[in-house]
Amino acid sequence: MPDEQMANSGGQPPAAPTPPSPPARPLDTIDRSILRMLQTDGRASIRSVAERVHVSRANAYARINRLMDDGVIRGFSALIDQERAGQSASAYITLKIVQNSWRTVRKQLTALPGATHIALVSGDFDVLLLVHTKDNRELRELVLTRIQSIPEVLSTRTLLVFEETDLGPEEG
């Protein structure tokens with residue numbers, strides 16, 4: 001590799017380009033119905049999905065697999081009552097970060113205990129982070145010791161959550 005290219009890439013060989021994602025396929029009424037069902041009950045059986053959307057089990061199975069293969073369904077998870085799970089302190093933390101450091105910061109935030117949602121956003125701050133901790137002392141430690149010690153984090157603001165409600169497809 002020529003020295004000029006190596007110098008321009010910070011001494012690292014250039015990264016291989018990421019292949020483009022295939023274009024999203026349009027979703028029909030049945031696909032949307034399946035998605036709503038699975039959002040409400042991710043443990044629904046193929047049989048019950050097929051019956052409720054009026055297709056064969058084979059068709060329901062194929063559609064769910066296609067939605068997963070296309071990345072529309074990214075996975076299945078449980079909705080947790082954080083307070084009952086011993087996580088009584090919740091907060092949204094806004095972060096201002098060094099320009100072009102999103103990937104580095106995201107990797108470090110993802111490793112934090114209690115981090116449940118991370119978003120790169122526009123506006124007065126760059127990152128919005130939702131965390132759940134045992135109590136305010138643990139939250140304070142997370143913010144002051146872990147997050148503010150990340151070199152690319154310029155500032156933080158912590159917004160305590162007093163009450164939260166997960167919205168499902170019927171509530172939204």
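Residues numbered from 1 in each chain as written. Predicted model: local features only at pLDDT ≥ 70, side-chain atom pairs only at ≥ 80, totals over all residues. Heavy atoms only, no water.

Peer 1: Outline the overall build of the chain, supporting the account with residue identities and numerical values.
Peer 2: Secondary structure assignment for the chain yields six helices and four strands. Accessible area for the chain stands at about 12700 Å²; split by element, carbon and sulfur atoms hold 50% of it. (Helix = DSSP H or I, 4+ residues; strand = E, 2+ residues; numbered from the N terminus. Areas by Shrake-Rupley, 256 points an atom, 1.4 Å probe, with all protein chains shown as cover.)

Peer 1: So, helix α6 (residues 136–147): which residues are in play, and what are the values?
Peer 2: For α6, the set of buried residues is Leu-139, Leu-142, Val-143 and Ile-147. Considered in projection along α6, the buried side chains sweep an arc of 85° and stay on one side of the axis. Across α6 from its buried face, at more than 90 degrees, point the exposed residues Arg-137 and Arg-140. The elements touched by buried residues of α6 are β1 (89–97), α5 (102–110), β3 (127–133) and β4 (153–161). You can read the cap of α6 off the contacts: a side-chain oxygen lies 3.2 Å from the backbone nitrogen of Arg-137, and it is on Asp-135. (Buried < 20%, exposed > 50% of the residue type's maximum accessible area, 1.4 Å probe, protein only. Arc of directions from axis to C-beta. Contact = heavy atoms within 4.5 Å. Polar contact = N/O pair within 3.5 Å; in protein donor to acceptor, adjacent residues only side chain to side chain.)

Peer 1: Mind laying out the packing of helix α2 (residues 29–40) against helix α3 (residues 46–53), listing which residues take part and the relevant values?
Peer 2: One way to put it is that α2 packs onto α3 with a least axis distance of 10 Å and a crossing angle of 130°. Compared by their axis directions, α2 and α3 come out oblique. Relative to α3, the crossing made by α2 is right-handed. Of the residues in α3, those in contact with Ile-30, Ser-33, Ile-34, Met-37 and Leu-38 of α2 are Ser-48, Val-49, Arg-52 and Val-53. Taken together, the residues of the contact of α2 with α3 sort by class into six nonpolar, two polar and one charged. (Axes fitted to C-alpha atoms, helices over the stretch in contact; angles between N-to-C directions. Parallel < 35°, antiparallel > 145°, perpendicular 65-115°, else oblique. Left-handed = near helix turned anticlockwise from the far one by under 90°. Nonpolar A, V, L, I, M, F, W, Y, C, P; charged D, E, K, R; others polar.)

Peer 1: Tell me about the nonpolar core, residues and numbers included.
Peer 2: Among the nonpolar cores identified, the biggest contains 17 residues, and Ile-93, Leu-95, Ile-97, Leu-109, Leu-129, Val-131 and Ile-147 are the most heavily contacted of them. Taken together, the elements giving at least two residues each to this core come down to β1, α5, β3 and α6. Setting aside anything within four residues of it in sequence, one finds Ile-97 in contact with Trp-102, Val-105, Asp-126, Val-127, Glu-152, Val-153 and Leu-154. (Core = buried A, V, L, I, M, F, W, Y, C linked by side-chain atoms within 4.5 Å.)

Peer 1: Can you explain the side chain of Glu-152? Please cite residues and give values.
Peer 2: With respect to the helices and strands, Glu-152 occurs in the loop between α6 and β4. Salt bridges are absent for the buried Glu-152, whose nearest opposite-charge side chain, Lys-107, sits at 11 Å. Contacts of Glu-152, omitting those with residues within four sequence positions, involve Lys-96, Ile-97, Val-98, Ser-101, Thr-104, Val-105 and Gln-108. (Lys, Arg positive; Asp, Glu negative; His and termini not counted. Salt bridge = Lys/Arg side-chain N within 4 Å of Asp/Glu carboxyl O.)

Peer 1: Explain the sheet that holds β4 residue by residue, including any values.
Peer 2: The strand order across the open sheet formed by four strands is β2-β3-β1-β4, and the pairing between neighbours is antiparallel. Each edge of the sheet is formed by a strand with only one pairing partner; in this case those strands are β2 (115–120) and β4. Taking each pair of neighbouring strands and ignoring which way they run, the sheet shows an average axis angle of 20°. In terms of strand pairing, β2 meets β3 through five bridges, oriented antiparallel. Following the sheet pairing, Leu-120 is matched in β3 by Val-127. Across the sheet, α5 is in contact with β1, β2 and β3; its angle to β2 comes to roughly 170°. Taken strand by strand, α6 contacts β1, β3 and β4, and its axis lies near 165° from that of β4. (Pairing = 2+ DSSP bridges.)

Peer 1: An account of the environment of Ser-56 is needed here, citing residue identities and associated values.
Peer 2: For Ser-56, the location among the structural elements is in the loop between α3 and α4 (57–69). Each C-alpha atom of the pair Ser-56 and Ile-46 lies 9.3 Å from the other, and the pair is 10 residues apart in sequence. At a separation of 3.0 Å, a polar atom in the side chain of Ser-56 contacts the main-chain amide nitrogen of Asn-59.

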